Amino acid sequence: MTAPPVLVAIDGPAGSGKSSVSKEAARRLDYGYLDTGAAYRALAWLALERGADTDDEASVLALVDDVDYAISLDPDDYWVRIAATDVTDAIREPRVTAAVSGVARVGAVRLRVNALFRALVAESARAGVVVEGRDITTVVAPDAPVRILLTAEPGVRAARRSAELTAQDADAVAAALHRRDAADSTVVDFLTAAPGVTVVDSTDLDFAQTVDAVLGVVTGALHTPLPSAQTGAHDGR
Ligand code: DC
């Protein structure tokens, strides 16, 4: 029988570099990559499509019962679909970002998507999966052999996010990020490390240094070197 995939759990707030760092760490480890925020975003997108009220828990729950959701775990071929519709880009739109906290605060929704995340990891054919989100180290996979909280100072996170969203006003981006952190942190505490979780603070690190810091935690925890073909500098894939 093949061993189940090794789970590398990475939590952190928006703008900590979590998604890009997790994806690159997965490439270097030859692991799968699971973006859990995409499921909440896809539900928020569907709520907007259907005109459902995200303040009404029953309406949100009805969406989960109905959604035909698929996500790629390949870090080199990332996509998100709802039925036949590719929503990879649509779920990043500001209107979706503004609606997502309303979906993520519903406890019954979280139970359902957490079961989906565990099933997706279990089905992966790779040796491991890097799973990133807000409650992976604490709720989805508290027993994962590697658990990391990726943080950065709020000002640095806001600056990174506004550099990504160049079309939007920097102050407005910072305000939206802080509002979303405040709303999300009432549901799960992703700003404090739970016991046994290693903090990687990316405030003074660039992208490559942050990836290396994360890989250092992974290899230290698993007592294994990186797959030999994947070591060395970031190859831009
Ligand atoms: O990481 P992200 O910005 O794509 O996440 C989108 C939203 O989903 C975010 O506002 C918080 C929520 N989320 C969550 O509550 N739990 C997770 N494991 C991942 C995301």
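Procedures and definitions
Residues numbered from 1 in each chain as written. Predicted model: local features only at pLDDT ≥ 70, side-chain atom pairs only at ≥ 80, totals over all residues. Heavy atoms only, no water. Pairing = 2+ DSSP bridges. Helix = DSSP H or I, 4+ residues; strand = E, 2+ residues; numbered from the N terminus. Axes fitted to C-alpha atoms, helices over the stretch in contact; angles between N-to-C directions. Contact = heavy atoms within 4.5 Å. Near = heavy atom within 4 Å. Polar contact = N/O pair within 3.5 Å; in protein donor to acceptor, adjacent residues only side chain to side chain. Areas by Shrake-Rupley, 256 points an atom, 1.4 Å probe, with all protein chains shown as cover. Nonpolar A, V, L, I, M, F, W, Y, C, P; charged D, E, K, R; others polar. 1 Å grid on protein atoms, 1.4 Å probe; cavity = no way out; pocket = protein on both sides within 12 Å on 5 of 7 lines; lining within 4 Å. Points joined across faces, edges and corners; volume = space filled by probe spheres on them. Parallel < 35°, antiparallel > 145°, perpendicular 65-115°, else oblique. Left-handed = near helix turned anticlockwise from the far one by under 90°. Phe/Tyr/Trp six-rings, centres within 6.5 Å; stacked < 30°, edge-to-face > 60°. Buried < 20%, exposed > 50% of the residue type's maximum accessible area, 1.4 Å probe, protein only.

*Asks:* Just checking my understanding: could you explain the sheet that holds strand 2 (residues 32-35) for this structure?
*Replies:* Hydrogen bonds between backbone atoms are what pair the strands of a sheet, whose relative direction is either parallel or antiparallel. Pairing is parallel in the open sheet, where five strands are placed in the order 2-6-1-7-8. Unpaired on one side and paired on the other, strand 2 and strand 8 (198-201) mark the two borders of the sheet. For this sheet the average axis-to-axis angle between neighbouring strands, irrespective of direction, equals 25°. Packed onto the sheet, helix 1 (residues 18-29) meets strand 1 (6-11), strand 2, strand 6 (128-133) and strand 7 (146-151) and runs at close to 175° relative to strand 6. Packing against the sheet, helix 5 (residues 107-123) makes contact with strand 1, strand 2 and strand 6, and its axis sits at approximately 170° to strand 2.

*Asks:* Please explain the site of the ligand as it appears in this structure.
*Replies:* Neighbouring the ligand are 15 residues; R41, R110, D135, R180 and D184 lie closest to it. A distance of 3.4 Å separates an oxygen atom of the ligand from a polar side-chain atom of K18. Between the ligand and D184 there is a distance of 2.6 Å, counted from an oxygen atom to a side-chain nitrogen or oxygen. Here the ligand has 450 Å² of accessible area as a free molecule, and 97% of this is covered by the chains. Listed by contribution, the elements that provide at least two residues to the shell around the ligand are helix 2 (37-50), helix 4 (94-104) and helix 8 (170-185). Looking at the shell around the ligand, the element that brings in the most residues is helix 2, giving three residues. Its residues placed into classes, the shell around the ligand shows four nonpolar, three polar and eight charged.

*Asks:* Sorry if this is basic, but what is going on with the sheet that holds strand 4 (residues 80-82) here?
*Replies:* Taken in spatial order, the three strands of this open sheet run 3-4-5, and their pairing is antiparallel. Because the sheet does not close on itself, it has two edges, and the strands there are strand 3 (69-71) and strand 5 (85-86). Relative to strand 5, strand 4 is paired through two bridges, and the arrangement is antiparallel. By the bridge assignment for strand 5, R81 is matched with D86.

*Asks:* Which parts of the structure should I look at to understand empty space enclosed by the protein?
*Replies:* Rolling a probe over the atoms, with the probe sized like a water molecule, indicates the empty space that remains. The full count for this structure, using the stated rule, is one cavity of 30 Å³ or more. Roughly 40 Å³ of volume is contained in the largest cavity. Around the largest cavity, the lining residues are D11, R134, T137, T138, L149, D189, F190, T192, A193, A194 and V197. Across the lining of the largest cavity, the residue classes break down as five nonpolar, three polar and three charged.

*Asks:* Any chance you could explain the packing of helix 7 (residues 154-164) against helix 8 here in plain terms?
*Replies:* For any two helices packed against each other, the geometry comes down to the angle between their axes and how far apart the axes lie. Two elements in contact, helix 7 and helix 8, have axes whose closest approach is 9 Å; the angle formed by their N-to-C orientations is 120°. As the angle between them shows, helix 7 and helix 8 are arranged oblique. Viewed along their axes, helix 7 and helix 8 form a crossing whose handedness is right-handed. Contacts between helix 7 and helix 8 involve P154, R157, A158, R161 and S162 on the former and, on the latter, A170, V173, A174, L177, H178, R180 and D181. Grouping the constituent residues of the contact of helix 7 with helix 8 by class yields six nonpolar, two polar and four charged.

*Asks:* Please explain the packing of aromatic side chains as it appears in this structure.
*Replies:* Here the distance between the centres and the angle between the planes together describe a pair of aromatic rings. With the rule as written, the count across this model stands at two aromatic pairs. The interplanar angle of 50° and the centroid separation of 6.0 Å between the aromatic rings of Y33 and Y78 together place this pair among those described as tilted. In this pair, Y33 is assigned in strand 2 and Y78 in the loop between strand 3 and strand 4, connecting sequence segments 45 residues apart. A residue is classified by how much of its surface remains accessible, and Y33, at 2% relative accessible area, is buried. Residues Y40 and F117 carry aromatic rings whose centres are separated by 6.4 Å and whose planes lie at 65° to one another, so their mutual orientation is edge-to-face.

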